[in-house]
Amino acid sequence: MRPRPLTTIVAAAALAAVTYAGARPLGPLPPLGALLDPVHGVLGAGSAAGLPRRSSVRIPGLGKKVDVRYDVRGVPHIFAASEQDAYRALGYVVARDRLFQMELQTRAASGRLTELVGARALSLDEEPRRLGMVRAAEQKFRALNPRSESRKLIDAYADGVNAYIDALSPAEYPVEYKLLNARPERWRPINSIYLLNRMGWTLASADPERVLARAAAVVGRKAASAIFPVHTPIQEPLQPEPNWRGPHSVFAPIPPPGFPDSAEEEIAALYERTRSPDARDASDASDADDQARRERGFASNNWAVAPRRTKNGYALLEGDPHLDLSLPSIWYEAQIVVPGKLDVYGVTIPGAPGIVIGFNRDIAWTFTNTGADVMDFYRETVDDSVHPTRYMLDGTWRTLSRRVEAYRDNGGATLHVDTVLFTHRGPMLREHGQWLSVRWTVLEPSEELQAFYDVAHARTAREFQEDMARSFFVPAQNMLVADRAGSIAIRSTGHFPLRPGNGSGLVVRDGSASASDWRGYWPVDRYPQSFDPAQGFLASANQEPEAPESEFAYLGADQYYEVWRALRINELLRADSAVTPDDMRRWQTDPGSVRADMFVPYFLGAAEARRQANGGPANTDELTSAAQLLSDWDRRYTRDNNRAVLFEAAMRQLSARTWDELAPRGKRVGTPTSAVLAELLTQPNNEWWDDQHTRGTVERRDDILAASLVAGYNEVLKQYGPVNAGGWRWSKIRQVNIYHLLQLPAFSALNIPARGGIGTLSPSYSDGTQGPSWRMVVELGPEVHGWGTLPGGESGDPSSPRYTDQLPSWIAGTLQPLIFPRSARDLPASRTSATLTLTPNVR
C-alpha cells in the first residue's frame, strides 16, 4: 500500500521517508531549450546558487539576532538566543536551499498536486485523501496544544519559511516554478504534519494479507502459508538471543502446492483498492528479486559497537538509511545551537522542524524501518451497496461520517469532487461490490515532532528511549542510540496493535462486530529491544526484529523482512574486537554477499552432480562453462567484477522455475523471499521443484539448479556478449540513477557505476533509483566526532556548486568530517564559506 512515486522527494527515515518519485515524470513539461542556459536562461536568475561572503536579512517575529555560519561543505550552523528563533532560522535556511522540494512533497502529502500541475496529478492526489491521511493530519494539528513546544516550533519554522518566500521576486523563484509557470505558496504550519503522515505511508510495509491471499487462491492456504510465512526461516534478529552465537535456521518441510481456492481469490481482490497503481505494477515485475524488494520496502542499515570492542575505547554508531534517491537529496544537513539549551547536528527533512537523524554532545541516534504490520482491513455491512449512509456494528446501524474532497486545478477551478466515507475505524473503500474499512496507526492521534524535539535534548541512551517511547507513534522504526558513557541500545519503537483472537494481522475481519477491533497496543517493555548486550554490538538491517519464540504478539510477516544484510554486518562485527570509525565507513559499502555464499555452492553442486551422472542433456558443455565462471567469482559485488551478472541471471531463472506454480496464467501472484528459497534448497525432492511445463518428467532440486544456471548463462551471453568482451563488467550493468524531482535529465545524475548488489550492505537494484540517502558514523568520545555524506548536496538549485558537491564522496564510499563547533567563533574563517545574519524586523 505504498504511495505511487511522483518523483523522489523522500523525507524518510530512517525515520524518515516521504517518497513521491520513481521513473516517470508528471507529464509533458514546457520545452526547455534556452531555459536551461546557465547564463541567459532561468538558471541565471536563481537566487539560491550561493550566498555572498557576508549578508544580512531582517526576519519578522525574530526575538534576537541569529548568526548562521555556512561551513566549507555549505552546511548551515545556526547560533540563536532562543529555540524559537533557532527554528525560525532553520525554516529560512532550508527554504532558501530547498523551497520547491518542500512545496512539492507537502502538496503530494496533502493531495494538492493538481493545484500546481493540473489534472494530470489527479490520481496521485486521490490516494492520500481516500486513505484518510489528510483528514488525520488536520485532526492531529487541531489537537496540538498551542503552548506545547512542538506547536511553537512548527509555527516558528513556518515564520522562517514565509520570511524567505515573502522576500522573493518572481525573477528569484527556483527554476522549477518557472518551468511549471507557478509561484511559491506561503507555508502553513500544518504542512509539517502532512509531511510526517506521508512518511508513515512511504515506510508502510507491503500488505502481507494481499500477498498471502493471492498465493492461497492459486496453491491453497496451507502451501501459501509455508512459502509466505509469518517468520523468516533464517533468523538474525536485532534483539540478541542469549544462547545464540550466530544466525539460526528454522527450516521445516514445505508442503506441496495445493488446489486453487476461489474464496481466497475474492479476498485478494478486496485488497487491491488499497494499493497504489505503482505497487500493482511491482507485482508484475519480471525480476523476482526486484519484485521482492518492492514488496518488502526500502533497505536501511544501522549498527553500534560498545567501547570494549572499539580500538579507541569509545562507543561507535553508524546510520545508513536507504531510500529513494533524488536531487536535491531527501535530507538536509544542519546544526542548531542555543547556548545552555540545545546543541544538535544531523539531517532534517525539508519541511519538518527538527533533526531526525544525528547527534548532540552526549548521544547519537539513527533509524531503520521495522516493517511492522500496522494496518488492518474490515469487511463492512452497509445499508446500501452503492451509496451507503450507515454501517452495522453489534446489531445497530451507525451513521457513516462523510468528507467531501474537492480537487482544483492551477487556476482554482474545480476538477473533481469526491466523497470519502468513514467508520469509527477509518476510511472505507469499495471493491467488487463490497466495502472495506481501514484501521491504520498513521491515522491515529500522535505527536512525532515532540519526540524529535525531546531527543535533541537527551543526554543518555535511556533518556532517548524514554522520549521516543512517550511521543513517537509512526512510522514504526528500529531506533538505535549510543551515548558518551558507553551505552548502546536499540528498540523497535512505534505502536503495534493487539488484535483479537489469535492476534494475526493476516485476515480480513468482520466489521459488523466490535469484537474485531484492536484491543490496544503492545506495552513498551515487550517491544523488540536490547540495552548494552553482552555481545558488545547491535545491528538492524530490516531483518525480523526478534526470534519467533520471543515475540509477544503478531508483529509482521516474512514478506517484510530481509535477512542477508543483517547476516553480513553481524558477521563483520563478530569478527572484529577493535573497530575503528574507518572500519564502520568501509562496511557501509562492503561488497560481500551472504546470499551468494548461500546459493553459489548449490549451483556448483548441481553442475558437479550432472557431470558425474554422465550422459546429461545436450547443454552439458554450457553447464560446465557456466559453473567454471561462477566458481571463479569471489562472491563480491565490486564494480570491476564480471561474474555477479551471471549469478543474478541464474537466480532470476531459479526463482521463475521454482515458483512456476504461482504463475498459472503467466503472471506471478507473488514471489517468496530468497530466504524461503534457501529453505527449499535443503529439501531436494520437494514437489515445488517439479517444472509444471514438462509433462512426463519430474524434476528435482539439482535439475532446476542446473537448468537455471544454463539459462542464466545463455541469457547473459545473448544480452552482453562473450565474457571477455567487457560487457559483463558490473559497473556497466548495475548503475545508480539519481533523478531530479521533475525527472529532468539535465538536472539529474544518471548512470553512476554501482558497487554492491542484492543483499549486500549497500544493495543495488536494476532501476538504480534507491540507495543510501545519508551515511553517518559517530564516535562518542570526550569530544563527539562525526563523519557523513549525502548523495547530492545542500542546495536544490541546479546552478549551485552545492547541488552535487557531495556526490563524488558518496560514490567513492568515503565520508567527510562533520564540523561541530560549540559557538560561532569556534568556526574559523578558513572553514567558513558564508555568514548570514538574521535580525529582528523592528519598525
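Data block above holds the structure.
These lines cover the structure that appears in this document, whether it is placed above or below. It should be emphasised that the depicted structure is a prediction, and the values quoted were computed from it without experimental measurement.

## Description of the side chain of Glu126
Its location among the elements puts Glu126 in helix H3 (residues 122-130). Once you skip the residues sitting within four places of it in the chain, Glu126 turns out to touch Tyr407 and His416.

## Looking at helix H13 (residues 448-456)
Across the nine residues that make up H13, a large majority, nine, are buried. Inspection of H13 places Glu448, Leu449, Gln450, Ala451, Phe452, Tyr453, Asp454, Val455 and Ala456 among the buried residues, and these make up the whole buried set.

## A look at the pattern of salt bridges
Following the criterion strictly, the structure yields 45 salt bridges and no others. Where Arg88 meets Asp85, a salt bridge forms, and the shortest distance between an N and an O atom there is 3.1 Å. On the criterion of helical spacing, the pair formed by Arg88 and Asp85 is a turn pair, its members being three residues apart in helix H1 (residues 83-110). Residue Asp85 is classed as buried on the basis of its relative accessible area of 3%. Note that Asp373 is salt-bridged to Arg499, the shortest N-O span being 3.9 Å. Taken together, the positions of Asp373 in the loop between strand S14 (363-369) and strand S15 (375-380) and Arg499 in the loop between strand S24 (497-498) and strand S25 (508-510) put the pair 126 residues apart, joining distant regions of the chain. A relative accessible area of 7% places Arg499 in the buried class. Through salt bridges that share partners, Glu103, Arg107, Arg112, Glu115 and Glu185 make up one connected network.

## Some thoughts on the environment of Arg96
Inspection of the secondary structure puts Arg96 in helix H1. It is 8.1 Å that separates the C-alpha atoms of Arg96 and Val161, two residues lying 65 residues apart in sequence.

## Concerning the sheet that holds strand S12 (residues 342-348)
Strand order in the open sheet made by the 11 strands is S3-S35-S4-S5-S11-S12-S13-S14-S22-S23-S27, with mixed pairing throughout. Looking at which strands have only one partner, the edges of the open sheet turn out to be strand S3 (54-59) and strand S27 (529-531). Within the sheet, the average angular offset between the axes of one strand and its neighbour, ignoring direction, is 20°. The pairing of strand S13 (residues 357-360) with S14 spans two bridges and is antiparallel. Each bridged residue has a counterpart across the sheet, and for Phe359 the counterpart in S14 is Ala364. Packing against the sheet, H13 makes contact with S12, S13 and S14, and its axis sits at approximately 150° to S14. Set on the sheet, helix H14 (residues 461-471) makes contact with S14, strand S22 (477-483), strand S23 (488-493) and S27; between it and S23 the angle comes to about 10°.

## Here we look at helix H15 (residues 564-574)
Buried residues dominate H15, accounting for nine of its 11 residues. The set of residues buried in H15 consists of Trp564, Arg565, Ala566, Leu567, Arg568, Ile569, Asn570, Leu572 and Leu573. Turning to H15, the residues buried within the fold contact strand S6 (234-235), strand S8 (300-305), strand S28 (537-540), helix H16 (581-588), helix H17 (594-613) and helix H20 (674-681).

## A word on the sheet that holds strand S29 (residues 735-740)
Across the sheet, which stays open at both edges, the three strands sit in the order S10-S29-S30 with mixed pairing between neighbours. For this open sheet the edge positions go to strand S10 (326-327) and strand S30 (749-753), each flanked by a neighbour on one side alone. By the bridge criterion, three bridges tie S29 to S30 in an arrangement that is antiparallel. Across the sheet, the residue bridging to Gln735 is Pro753, located in S30.

## Description of the packing of aromatic side chains
Counted under the stated rule, the structure contains 19 aromatic pairs. Aromatic side chains Phe359 and Phe820 sit 5.0 Å apart centroid to centroid with 80° between the ring planes, which places their arrangement in the edge-to-face category. Linking Phe359 in strand S13 with Phe820 in the loop between strand S34 (816-818) and strand S35 (832-840), this pair joins segments that are 461 residues apart in sequence. For Phe820, a relative accessible area of 11% translates into the label buried. Aromatic ring contacts, followed pair by pair, group Phe603, Trp633, Tyr637, Phe647 and Trp730 into a single cluster. One Lys or Arg, Arg129, reaches over the ring of Tyr407 and ends 4.0 Å from the middle of that ring. Here the basic side chain of Arg361 rests over the ring of Phe820, its NZ or CZ set 3.5 Å away from the ring centre.

Definitions and cut-offs
Residues numbered from 1 in each chain as written. Predicted model: local features only at pLDDT ≥ 70, side-chain atom pairs only at ≥ 80, totals over all residues. Heavy atoms only, no water. Helix = DSSP H or I, 4+ residues; strand = E, 2+ residues; numbered from the N terminus. Contact = heavy atoms within 4.5 Å. Buried < 20%, exposed > 50% of the residue type's maximum accessible area, 1.4 Å probe, protein only. Salt bridge = Lys/Arg side-chain N within 4 Å of Asp/Glu carboxyl O. Pairing = 2+ DSSP bridges. Axes fitted to C-alpha atoms, helices over the stretch in contact; angles between N-to-C directions. Phe/Tyr/Trp six-rings, centres within 6.5 Å; stacked < 30°, edge-to-face > 60°. Lys NZ or Arg CZ within 6 Å of the ring centre and 35° of its normal.

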